[in-house]
Amino acid sequence: MNGPREPIGVIGTGYVGLVTAAGFAELGNEVYCVDIDEAKIEVLRSGEVPIYELGLRETIERNRERMHFSTSLADAVANARLLFVCVGTPPTYAGDADLSAVNAVVEAMPADGEHALVMKSTVPCGTGRSIQRVFAEQGKGRLAYVSCPEFLKEGSALQDFLEPDRVVVGADEEGWAPDAVCELYSPLQAPLVRTDVASAEMIKLAANAFLATKISFINEIANVCEETGANVLEVARGVGLDQRIGPKFLSAGIGYGGSCFTKDVSALKLLAANSGYHFQLLGSVIEVNELQKRRVVAKLARHLGELAGKRIGLLGLAFKPNTDDMRGASSLVLAARLAAEGATVRAYDPIASEEALKVMPELDCVPRVQDVLRDADAVVLVTEWPELVALDWAVAAELMAGKVVIDGRNALDSAAVRSAGLLYEGIGVA
Ligand code: UDX
């Protein structure tokens, strides 16, 4: 590392903001974090971390003296040239991205040539161009604009920050700002994609849409495997060894969840539609994912008959392990569908129950996995938490009233389940 590190501002202390701030603090930057939520800033100042992410608390703790928290944008503006925008862009009722938080930040930006807005939030392609137009109209034309999308995965976000596959820096004009952003990331020695703003925005949306497509594709292959007797695990292994395809994101299951895939795939589809293009492929990706969540209900009905009155246990609720995030979680659809069929649903998750109850207050979440297993007619592995994957199935069999185990993530040891006298069914596996 050469010379002193550049101080930065991070606007928005949600998931992306905090990970970005902690990551840069770890690299030695002074980081000025800003959020309009006073309670959140108080929590952060007191040394607590309001979200769960592996290693985040420790990283923030380790770099405390370099991390500053404030509710005033002026603190970041006074101390840093590069102002990273990390505010939420949730879906609107129409399914597009809601840019109201982004627009509020744009309004508050200083009108000088010494600062740059660095957009980390995922925004529709074309947003950067219209923000730059607004800057010009408001007499803030000297303010630089850089797009620098994030590709963090929940659960491994800090590692993804420190070891990115690539860093994308988009700017429509050469100048100090994109150079400074590139310099900021240079210690990571990651491949750098320096491009224009619209392409940077599209890289992010296209990457998520492609990954979601890969998952829906393997899920459809799994469904065909079930009809033909092939095993999707073997198929994915054989297909994934083709270097043009690659082995990752070929795990069949009960559908993808999370805030990004669900939001970004539909935002890209609507972005295309708004400009008159019908993105057919993405329509199918979304539909396959929705049907995939519901196929579990059909599997249960095949084994148990009428679901009314049956006791079904859900093992895991979070959209994936190592997070308490319930946004877009397949468990929500599954629990709602089972309840609608008249089944009694009980669920256990090591950490996501509290979040789950916020979105589904009627869900019967129990504090111990044994309480889900006890008297259950069937259980479904929804999230492949290590402690659930390592369950002792002989003990489980004693507690359960019925025998059906649906492995929604193809993560269990099917032989161990079967040798406990239980009936195992995965997704696309014989
Ligand atoms: C994703 C992208 O990976 C990341 O680059 C982007 O910045 C944000 O969105 P994340 O939402 O944290 O990250 O989760 P990810 O690990 O990608 O998993 C998404 C969902 O897909 C999970 O529900 C997971 O269970 C599911 N999945 C993933 C599959 O069903 N099969 C797979 O093979 C891979």
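Residues numbered from 1 in each chain as written. Predicted model: local features only at pLDDT ≥ 70, side-chain atom pairs only at ≥ 80, totals over all residues. Heavy atoms only, no water.

Turning our attention to the environment of Ala25. Inspection of the secondary structure assignment puts Ala25 in helix 1 (residues 15–27). It is 9.1 Å that separates the C-alpha atoms of Ala25 and Arg62, two residues lying 37 residues apart in sequence. Here Ala25 is in contact with Val31, Asn63, Arg66 and Met67, once residues within four sequence places are set aside. (Helix = DSSP H or I, 4+ residues; strand = E, 2+ residues; numbered from the N terminus. Contact = heavy atoms within 4.5 Å.)

Phi at Gln189 takes a positive value of approximately 50°, unusual for a residue other than glycine. With respect to the helices and strands, the residue Gln189 is situated in the loop between helix 8 (176–185) and strand 8 (192–195). Residue classification places Gln189 among the exposed positions, given a relative accessible area of 72%. Phi angles above zero are rare outside glycine, and Asn322 is one such case at about 65°. For Asn322, a relative accessible area of 29% corresponds to the partly exposed category. (Buried < 20%, exposed > 50% of the residue type's maximum accessible area, 1.4 Å probe, protein only.)

Turning our attention to the domain arrangement of the protein. Looking at the assigned domains, one finds that the protein contains domain 1 (8–195) and domain 2 (209–425). With 13 residues of domain 1 in contact, the opposing surface of domain 2 contributes 16 residues. Together, the buried faces of domain 1 and domain 2 total about 1,200 Å²; carbon and sulfur atoms form 53% of this surface. At the surface where domain 1 touches domain 2, the tally comes to one salt bridge. (Domains from an automatic or database assignment. Buried area = accessible area lost by both parts, 1.4 Å probe. Salt bridge = Lys/Arg side-chain N within 4 Å of Asp/Glu carboxyl O.)

If you check the shell around the ligand, you find 18 residues, and the closest are Leu152, Glu154, Ser251, Phe319 and Lys320. Backbone polar atom of Glu154 to an oxygen atom of the ligand: 2.6 Å apart, as the coordinates give it. Here the ligand has 670 Å² of accessible area as a free molecule, and 91% of this is covered by the chains. Of all the secondary structure elements, the ones that give two or more residues to the shell around the ligand are helix 9 (197–228) and helix 11 (259–274). Sort the elements by how many residues they give to the shell around the ligand and helix 9 lands first, with three residues. Taken together, the residues of the shell around the ligand sort by class into nine nonpolar, three polar and six charged. Of the domains in this structure, domain 1 (8–195) and domain 2 (209–425) are the two that each give at least three residues to the shell around the ligand. (Near = heavy atom within 4 Å. Polar contact = N/O pair within 3.5 Å; in protein donor to acceptor, adjacent residues only side chain to side chain. Areas by Shrake-Rupley, 256 points an atom, 1.4 Å probe, with all protein chains shown as cover. Nonpolar A, V, L, I, M, F, W, Y, C, P; charged D, E, K, R; others polar.)

Below, the discussion takes up the nonpolar core. Counting 59 residues, the largest nonpolar core has Leu300, Leu314, Leu338 and Trp393 as the members making the most contacts within it. Setting aside residues up to four positions removed in sequence, Leu300 forms contacts with Gly305, Leu307, Ile312, Leu338, Ala378, Val380, Val404 and Ile406. (Core = buried A, V, L, I, M, F, W, Y, C linked by side-chain atoms within 4.5 Å.)

In this section: the sheet that holds strand 12 (residues 378–381). Spatially, the six strands line up as an open sheet ordered 11-10-9-12-13-14, and their pairing is parallel. Across the chains shown, the open sheet's two edge strands, defined by having one partner strand only, are strand 11 (364–365) and strand 14 (423–425). Where strand 10 (residues 344–348) meets strand 11, two bridges bridge the pair, whose relative direction is parallel. Bridge pairing in strand 11 places Ala347 opposite Cys365. Its contacts with the sheet place helix 12 (residues 280–304) against strand 9 (311–315), strand 12, strand 13 (404–407) and strand 14, and it is angled at close to 160° to strand 13. Seen against the sheet, helix 13 (residues 330–340) touches strand 9, strand 10 and strand 12 and runs at an angle of roughly 175° to strand 9. (Pairing = 2+ DSSP bridges. Axes fitted to C-alpha atoms, helices over the stretch in contact; angles between N-to-C directions.)

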